[in-house]
Amino acid sequence: MDRTVRATTSRRRLREASQPRTRPHLREDDDVSLADERLPMAKPVPLQTSSSRLSAVWLGARSAQDGDQDVVRAIRNVFPRQPAAARINREHHLLITDVFAQRGITQILDLGCGYPANGPYGAAGPLLSQNTHEVVQRRWHAASVTYVDNDPDVVNARRTEIAATASQTRARTLLADITDTVDLLDQLMRDAAVTRDRPVAVLAHDVFPWIPDDDAVRRCVASLREWLPPGSALSVTHATADMTPTWIQRLTGVYAEAGLSFHPRGRSFTTELFGDWEDLYGGPVRVIPTARHQPGHHESKAPDFHSAGYAGVAIKPST
């Protein structure tokens, strides 16, 4: 997932696009700290327009880079529901994380994690301004959370935030490209960030649309499914054009103008990612609009096009 891409077009084209248009698995030794203060900062790179920073804007980030504003205006113009879709996706993320914690899954792998929810690019409001580790560790203090992103700025922000609460936080952040699954799994095993003696919950929320190669997504997920121990969970959300084809086509064009590769996909593609795993609640995997997936979602009665994406959650069988 390439979440930070150099813009290949001028600001003039973006300004034109933005003009108004008509129309319990715990062990006694689990309290050993995995705090990020032992990990080095990633090498800084110039801040360019990135999906991570744009996502933070939709969640009400308290600060944003000036260079993002043209892109933000253009996106709002072609797809006014983008902020709502991002909030729906984030609330689902927090709800399903809590469900995994309730089920006793105490290892969480958060792929394409994005910026901390309570940092400079954090979400506004108490509902969404929670981090993954804060949700799961309310139920299991010794639970471990591993954040993964390929954006060095995101990784540095995560490591800084976690280091500030190292004595209370069992979490770490890895700099990795998830399409290089061999390297990702090697890092996880080498650093003992995740162990295979108990289930792991993998969160892949709004990450695969930023990978242009369909086969790369399939290979990545297939490798993870094979590697994960029985009882593990896979949660996926994926943007789609099924509900609003015209708006999403325009949105994809704006992202392309900004140098960002955005690939919404259909329900069948997302369903295929779960292989022969079973739905979280039994039976075939349900892949439905994100806001309707989890009971208690504040937007569960909203029209499907507000979600503009699908959600599915599956469990690896024991045999």
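Just so it is clear, the structure is predicted and the values come from calculations on it, not from any experiment.

Looking at the nonpolar core
For step 1, the next point in the chain: If you look at the biggest cluster of nonpolar residues, it comprises 35 residues, and the most contacted ones within it are L111, V148, I178, L188 and F208.
For step 2, the next point in the chain: A per-element tally of this core places helix α8 (residues 214–227) first, with six residues.
For step 3, the next point in the chain: F208 has contacts with I178, V217, C220, V221, V236, H238, R265 and L273, leaving out every residue within four places of it along the chain.
For step 4, the next point in the chain: In terms of nonpolar packing, the next biggest core, distinct from the first, is built from 25 residues, L54, W58, L260 and A308 among them.

Considering the pattern of salt bridges
For step 1, the next point in the chain: On inspection of all chains with the given rule, the structure shows ten salt bridges.
For step 2, the next point in the chain: A salt bridge links E272 to R218, with the nearest nitrogen and oxygen atoms 2.8 Å apart. Placement of E272 in helix α10 (residues 267–272) and of R218 in helix α8 is noted, with a sequence separation of 54 residues between them.
For step 3, the next point in the chain: Given a relative accessible area of 29%, R218 falls into the partly exposed group.
For step 4, the next point in the chain: With a shortest N-O distance of 3.0 Å, R292 and D304 are connected by a salt bridge. With a gap of twelve residues between them, R292 in the loop between β7 (288–289) and α11 (304–307) and D304 in helix α11 connect regions that are remote in the sequence.
For step 5, the next point in the chain: We classify D304 as partly exposed; its relative accessible area is 29%.

A few points about the packing of aromatic side chains
For step 1, the next point in the chain: For the structure on display, the rule yields five aromatic pairs.
For step 2, the next point in the chain: Aromatic pair W247 and F305: ring centres 6.0 Å apart, planes at 75°, arrangement edge-to-face. Of the two residues, W247 sits in helix α9 (residues 245–257) while F305 sits in helix α11, which places them 58 residues apart along the sequence.
For step 3, the next point in the chain: Judged by its relative accessible area of 29%, F305 falls in the partly exposed class.
For step 4, the next point in the chain: One aromatic cluster in this structure is built from F79, W247 and F305.

Structural notes on the packing of helix α3 (residues 69–78) against α9
For step 1, the next point in the chain: Contact pair α3 / α9: the axes reach a minimum separation of 9 Å and the direction vectors enclose 165°. The orientation of α3 relative to α9 falls into the category roughly antiparallel. Viewed along their axes, α3 and α9 form a crossing whose handedness is right-handed. Facing V71, A74, I75 and V78 of α3, the residues of α9 in contact are W247, R250, L251, V254 and Y255.
For step 2, the next point in the chain: In the contact of α3 with α9, the residues fall into eight nonpolar, no polar and one charged.

Digging into the confidence of the model for the chain
For step 1, the next point in the chain: Summing up the model confidence of the chain, the mean pLDDT is 85 and the portion of residues at 70 or higher is 80%.
For step 2, the next point in the chain: Below a pLDDT of 50 lies the segment residues 1–38, which in the model reaches 100 contacts outside its immediate sequence neighbourhood of four places, other chains included.

Re the environment of H297
For step 1, the next point in the chain: Mapped onto the secondary structure, H297 falls in the loop between β7 and α11.
For step 2, the next point in the chain: The sequence separation of H297 and L94 amounts to 203 residues, and the corresponding C-alpha distance is 10.0 Å.
For step 3, the next point in the chain: In this structure the side chain of H297 is engaged in a polar contact, spanning 3.0 Å, whose partner is the backbone oxygen of I88.

Describing the packing of helix α7 (residues 181–190) against α8
For step 1, the next point in the chain: Put simply, α7 and α8 touch, their axes get as near as 10 Å, and they point 35° apart. Crossing handedness for the pair α7 and α8: right-handed. Counting all contacts with α7, which are made through T181, L185, L188 and M189, the residues of α8 involved are C220, S223, L224 and W227.
For step 2, the next point in the chain: A class-by-class count of the residues in the contact of α7 with α8 yields six nonpolar, two polar and no charged.

Calculation notes
Residues numbered from 1 in each chain as written. Predicted model: local features only at pLDDT ≥ 70, side-chain atom pairs only at ≥ 80, totals over all residues. Heavy atoms only, no water. Core = buried A, V, L, I, M, F, W, Y, C linked by side-chain atoms within 4.5 Å. Buried < 20%, exposed > 50% of the residue type's maximum accessible area, 1.4 Å probe, protein only. Helix = DSSP H or I, 4+ residues; strand = E, 2+ residues; numbered from the N terminus. Contact = heavy atoms within 4.5 Å. Salt bridge = Lys/Arg side-chain N within 4 Å of Asp/Glu carboxyl O. Phe/Tyr/Trp six-rings, centres within 6.5 Å; stacked < 30°, edge-to-face > 60°. Axes fitted to C-alpha atoms, helices over the stretch in contact; angles between N-to-C directions. Parallel < 35°, antiparallel > 145°, perpendicular 65-115°, else oblique. Left-handed = near helix turned anticlockwise from the far one by under 90°. Nonpolar A, V, L, I, M, F, W, Y, C, P; charged D, E, K, R; others polar. pLDDT = per-residue confidence, 0-100. Polar contact = N/O pair within 3.5 Å; in protein donor to acceptor, adjacent residues only side chain to side chain.

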